[in-house]
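Descriptive analysis of the structure
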Amino acid sequence: MRDQPANKVIKTASIDNVGIVVEARGLNKGTTIQDGVVLTEDIPMGHKVALADMPSGTPVIRYGQPIGFTNADVTKGSWLNDLNIRMPEPPALHEIPYQVPGDAGAAALTGYTFKGFRNADGSVGTKNVLAITESVQCVAGIANYVTNKIRKELLSKYPNVDDVVALSHNYGCGIAIDAPAALIPIRTIKNIAHNPNFGNETMIVGLGCEKLRPERLLQEGEQNNKDTILYLQDEAFSGFEEIVQGIMEMAERHLKKLDQRQRETCAASELVVGMQCGGSDAFSGLTANPVAGIAADLIVRAGGTVMFSEVTEVRDAIHLLVPRAVNENVAQALKDQMAWYDAYLAKGQADRSVNTTPGNKRGGLSNIVEKALGSVAKSGSSPITNVVAPGEKVRTKGLNFVATPASDFVCGTLQLAAGMNMHVFMTGRGTPYGLAMVPVIKVSSNSSLSNRWFDLIDFDAGPVAFGTRTIEDLGWELFQLILDVASGIKKVATDKLGLYNDLALFNPGPLT
């Protein structure tokens with residue numbers, strides 16, 4: 001990124017014909033910026049100013065890529081936004097070529113460790129949590145009641161256990177259980193129940209008459225464990241108090257086992273980090289996402305696993321990602337996931353343009369193309385080793401594309417199912433999003449947000465915009481923060497404040 005005059009604008013690539021206003025209060029009409037351009041109107045922070053005259057139909061270039069075309073004549077110094085930019089067509093998937101990658105990339109990174117909880121299946125947790133999985137929404141009230149009771153009456157007896165959480169969701173009955181698309185929510189629930197932060201202690205509370213049989217959520221070898229499933233409709237229970245007592249007794253047996261876990265030194269290669277952004281603004285692709293991309297590359301170099309997601313925020317940058325696939329099969333899998341989601345949206349009479357929110361636009365993002373080009377920066381530059389369908393677990397180390405919708409809650413839920421043990425969440429507009437199951441490091445794209453939300457943001461990438469810090473330096477700092485949080489040395493804001501969102505399943509299957 002080139003240096004620009006103080007309190008003016010920045011370009012993301014030398015060929016860009018727009019600049020981004022960095023001043024928190026915006027720039028006023030009449031302000032002179034680089035190359036003698038004079039603003040013809042007031043332009044808010046994060047928004048685009050035309051650096052040249054643009055007749056109608058001129059490509060608007062940001063990140064060195066066209067993000068759209070002017071739909072009217074735009075004069076130099078004018079404000080460019082969603083009202084005067086027409087979206088281009090998405091990249092045609094069949095026309096994106098694949099080339100065998102050349103250089104293997106940066107050297108391996110050795111010697112980096114964190115203190116984690118080793119599991120019998122070889123995975124490693126960054127938290128030690130008792131998870132109570134629900135097979136059907138009908139049991140959510142009792143599961144939440146018991147969870148609170150466990151926190152008050154049992155948890156203090158088991159100091160090595162961080163928390164107890166109820167994995168509530170809106171699935172399980174009133175559904176076409178054998179419909180092809182039902183596979184997605186079912187495997188999502190199953191894989192979340194076996195997240196590394198739960199220590200291989202599977203506990204499922206069911207009703208008894210639901211279509212989603214709890215047995216379908218078990219892994220091989222768990223079927224004969226009497227402490228895995230409890231049915232509320234079991235005739236052994238008489239009344240609410242006996243049901244509660246039965247769940248409490250089962251929970252305590254799991255707590256005793258979890259309490260035996262101790263943090264021990266683990267290589268950074270055991271990290272499984274989900275990268276996500278929400279409440280994005282025009283700085284997200286300039287600061288927070290590129291900083292996260294550096295951290296992602298460092299994790300991959302250390303032998304770890306990184307996942308990035310959000311299909312609609314990848315679709316318009318897919319031509320930049322396909323060449324990074326490690327082989328032609330992975331390249332095709334990337335395109336297949338884009339095509340599947342194109343068809344899914346079309347069936348709902350929508351397209352990828354519905355992604356951009358009012359908040360995104362107020363933050364300077366004019367359309368999904370601009371948003372996508374900034375979003376993929378959080379994937380760094382490592383080769384893409386695999387593609388994971390919604391609800392599946394990651395199968396390979398390195399950088400994985402985990403296909404999810406862009407919804408913060410659905411994306412986080414599916415990344416949990418994929419096996420993440422750490423979450424890094426970039427935001428420009430601000431969101432209190434958090435998950436109880438994994439630590440969520442909240443990264444702000446601009447210092448204005450970080451200063452205003454001083455007790456909600458964990459890491460400020462904003463200094464990059466003013467040139468006072470480099471992307472590389474902050475990327476290394478974020479990498480170290482990930483290790484410290486994974487070790488339990490530092491606590492993220494969402495855990496300090498107890499700000500947690502519910503699970504949100506991606507369910508494209510029919511209801512009955």
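Notes on the structure in this doc start here. (Residues numbered from 1 in each chain as written. Predicted model: local features only at pLDDT ≥ 70, side-chain atom pairs only at ≥ 80, totals over all residues. Heavy atoms only, no water.)

1. Comments concerning the pattern of salt bridges
Applying the stated criterion across every chain, the model contains 16 salt bridges. A salt bridge links E392 to R395; its shortest N-O distance comes to 3.0 Å. In this structure E392 comes out as partly exposed when scored by relative accessible area, which is 24%. When salt bridges with common partners are traced through the structure, they connect K48, R62 and E370 into a single cluster. (Salt bridge = Lys/Arg side-chain N within 4 Å of Asp/Glu carboxyl O. Buried < 20%, exposed > 50% of the residue type's maximum accessible area, 1.4 Å probe, protein only.)

2. Some thoughts on the sheet that holds strand 11 (residues 163–167)
Sheet architecture is open: four strands sit in the order 11-10-12-13, paired in parallel fashion. The sheet is open, and its two edges are formed by strand 11 and strand 13 (229–231), each paired on a single side. With strand direction ignored, the average angle separating the axes of adjacent strands in the sheet is 20°. Examined bridge by bridge, strand 10 (residues 129–134) and strand 11 share five bridges and lie parallel to one another. Bridged to T133 within strand 11 is L167. Running at roughly 180° to strand 11, helix 1 (residues 140–153) makes contact with strand 10 and strand 11 of the sheet. (Pairing = 2+ DSSP bridges. Helix = DSSP H or I, 4+ residues; strand = E, 2+ residues; numbered from the N terminus. Axes fitted to C-alpha atoms, helices over the stretch in contact; angles between N-to-C directions. Contact = heavy atoms within 4.5 Å.)

3. Let's talk about the sheet that holds strand 5 (residues 65–70)
Taken together, three strands build an open sheet; the order of strands is 4-5-7 and the sheet is antiparallel. Looking at strand neighbours, the two that pair on one side only are strand 4 (59–62) and strand 7 (85–86), the edges of this open sheet. Pairing analysis gives two bridges linking strand 5 to strand 7, with the strands arranged antiparallel. Within the sheet, the bridge partner assigned to F69 lies in strand 7 and is R86.

4. Quick notes on helix 3 (residues 240–258)
Between the first and last C-alpha of helix 3 there are 27 Å, a value that for 19 residues agrees with the 27 Å anticipated at 1.5 Å per step. Among all positions of helix 3, only I243, V244, G246, I247, M248, M250, A251, E252, H254, L255 and L258 are buried. Tucked inside the fold, the buried residues of helix 3 contact strand 10, helix 1, strand 12 (203–206) and strand 13. (Expected span 1.5 Å × (residues − 1).)

5. Re the packing of aromatic side chains
Tallied over the full model, the rule gives 12 aromatic pairs. Ring geometry for Y344 versus F506: centroids 5.4 Å apart, planes at 90°, classification edge-to-face. Residue Y344 is located in helix 6 (residues 328–347), and its partner F506 is located in the segment after helix 12 (493–497); the two are separated by 162 residues in the primary sequence. One cation-aromatic arrangement involves K442 over F425; the distance from NZ or CZ to the ring centre is 5.8 Å. (Phe/Tyr/Trp six-rings, centres within 6.5 Å; stacked < 30°, edge-to-face > 60°. Lys NZ or Arg CZ within 6 Å of the ring centre and 35° of its normal.)

6. Describing the side chain of T228
Relative to the elements of secondary structure, T228 occurs in the loop between strand 12 and strand 13. In this structure T228 comes out as buried when scored by relative accessible area, which is 3%. Discounting chain neighbours no more than four positions away, the residues touching T228 are T202, M203, I204, L218, E222 and M250.

By themselves, these figures tell us nothing about what the structure is for.
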